[in-house]
Amino acid sequence: FVGDRAARLNGFQLGLAWTQTDERMHGVQMAIGANLAAGDTQGLQLAEGLNFADGTFRGVQLSGIVSATRGDARGLQISGITSVADGWMGGVQLSGIASAARRYKGLQISGIASVAQTTKGLQLSGIVNAAEEMQGMQLGTINVARSANGIQLGVVNAGVDVSGFRLGVVNVSR
């Protein structure tokens, strides 16, 4: 009951400290500490601490500290501190401090920073939004996109190749 480890999960896994699946997880993982899933993951990961999916993820990750996926992900990540998708992410990332994704389509909301290499959709943060390529909207104190096609609303908006609407105290582009 302190921890639970299984090769594959089709159903429900509960552990006080941690839960872990070694191949795939289809169902629900719940732990106070951490949920770890290797391989394809579908379902819900709910933890006070850490959720981690090492492979394709489809579903919902809710954590007090960090939710992270190493493969492509579709769904919802909500974390007290940070949400990370190290592949393509489609859906919603909501974090108290930072949301980060390699390639993102959907909605990124964070208290401090929303970051993506490529984003299509809305980046919303209290301080900074950053993207290498942005299609959609950035709404924050500082918005940065090397290539921007859409709307930037903030105190400072910066980019190199910019098309669309920008409203800010300082707008910088080359």
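Below: a short report on this structure. (Residues numbered from 1 in each chain as written. Predicted model: local features only at pLDDT ≥ 70, side-chain atom pairs only at ≥ 80, totals over all residues. Heavy atoms only, no water.)

**Observations concerning a nonpolar patch on the surface**
Just so we agree on the cut-off: Within this analysis, patches are made of residues with over 30% relative accessible area and no salt bridge. Like charges are joined at 9 Å or less; nonpolar side chains (Val, Leu, Ile, Met, Phe, Trp, Tyr) at 5 Å or less. Where accessible areas are quoted, they stem from the Shrake-Rupley method and a 1.4 Å probe; at the residue level, only the protein chains shown are allowed to cover. A pair is scored as a salt bridge if a Lys or Arg side-chain nitrogen falls within 4 Å of a carboxyl oxygen belonging to Asp or Glu. Helix and strand assignments come from DSSP, with helices taken as H or I runs of at least 4 residues and strands as E runs of at least 2, each series counted from the N terminus.
Together, Phe-1, Val-2, Phe-12, Leu-14, Leu-16, Trp-18 and Ile-32 make up an exposed nonpolar region whose accessible area comes to about 720 Å². Assignment of secondary structure puts Phe-12 in strand 1 (residues 3–15).

**Quick notes on the side chain of Thr-119**
Using the following cut-off: Each residue is assigned to one of three classes by its accessible area relative to the maximum for its type, calculated with a 1.4 Å probe on protein chains only: buried under 20%, partly exposed between the two thresholds, exposed over 50%. Every residue pair with non-hydrogen atoms within 4.5 Å of one another is taken to be in contact.
With respect to the helices and strands, Thr-119 occurs in strand 11 (residues 113–125). The exposure class of Thr-119 is buried, given its relative accessible area of 1%. Thr-119 has contacts with Tyr-104, Gln-108, Ala-131, Glu-133, Met-134 and Gln-135, leaving out every residue within four places of it along the chain.

**With respect to the pairing of strand 12 (residues 128–139)**
Within a regular strand, side chains alternate between the sheet's two faces. Counted only if it meets this: By the convention used here, strands pair only if DSSP detects at least 2 bridges between them.
Summarising the sheet, strand 11 and strand 12 pair through 11 bridges and their orientation is parallel. The residue bridging Thr-118 from the neighbouring strand is Glu-133, located in strand 12. Relative to strand 13 (residues 142–153), strand 12 runs parallel, the two sharing 11 bridges. Pairing of Met-137 across the sheet is with Ile-151, part of strand 13.

**Structural notes on the environment of Lys-105**
You can see Lys-105 is positioned in strand 10 (residues 98–110). Sequence separation of Lys-105 and Leu-122 is 17 residues, and the distance between their C-alpha atoms is 8.4 Å. Look past the residues within four positions of Lys-105 in its chain and what remains in contact with it is Trp-88, Met-89, Gly-90, Gly-91 and Lys-120.

**A few points about a positive patch on the surface**
Operational definition: We count Lys and Arg on the positive side and Asp and Glu on the negative side, and we leave His and both chain ends out. Charge positions come from single atoms, namely NZ of Lys, CZ of Arg, CG of Asp or CD of Glu.
Taken together, the side chains of Arg-58, Arg-74, Lys-105 and Lys-120 make up a positively charged region of the molecular surface. With respect to the helices and strands, the residue Lys-120 is situated in strand 11. Since its relative accessible area comes to 42%, Lys-120 is described here as partly exposed.

By themselves these figures say nothing about function.
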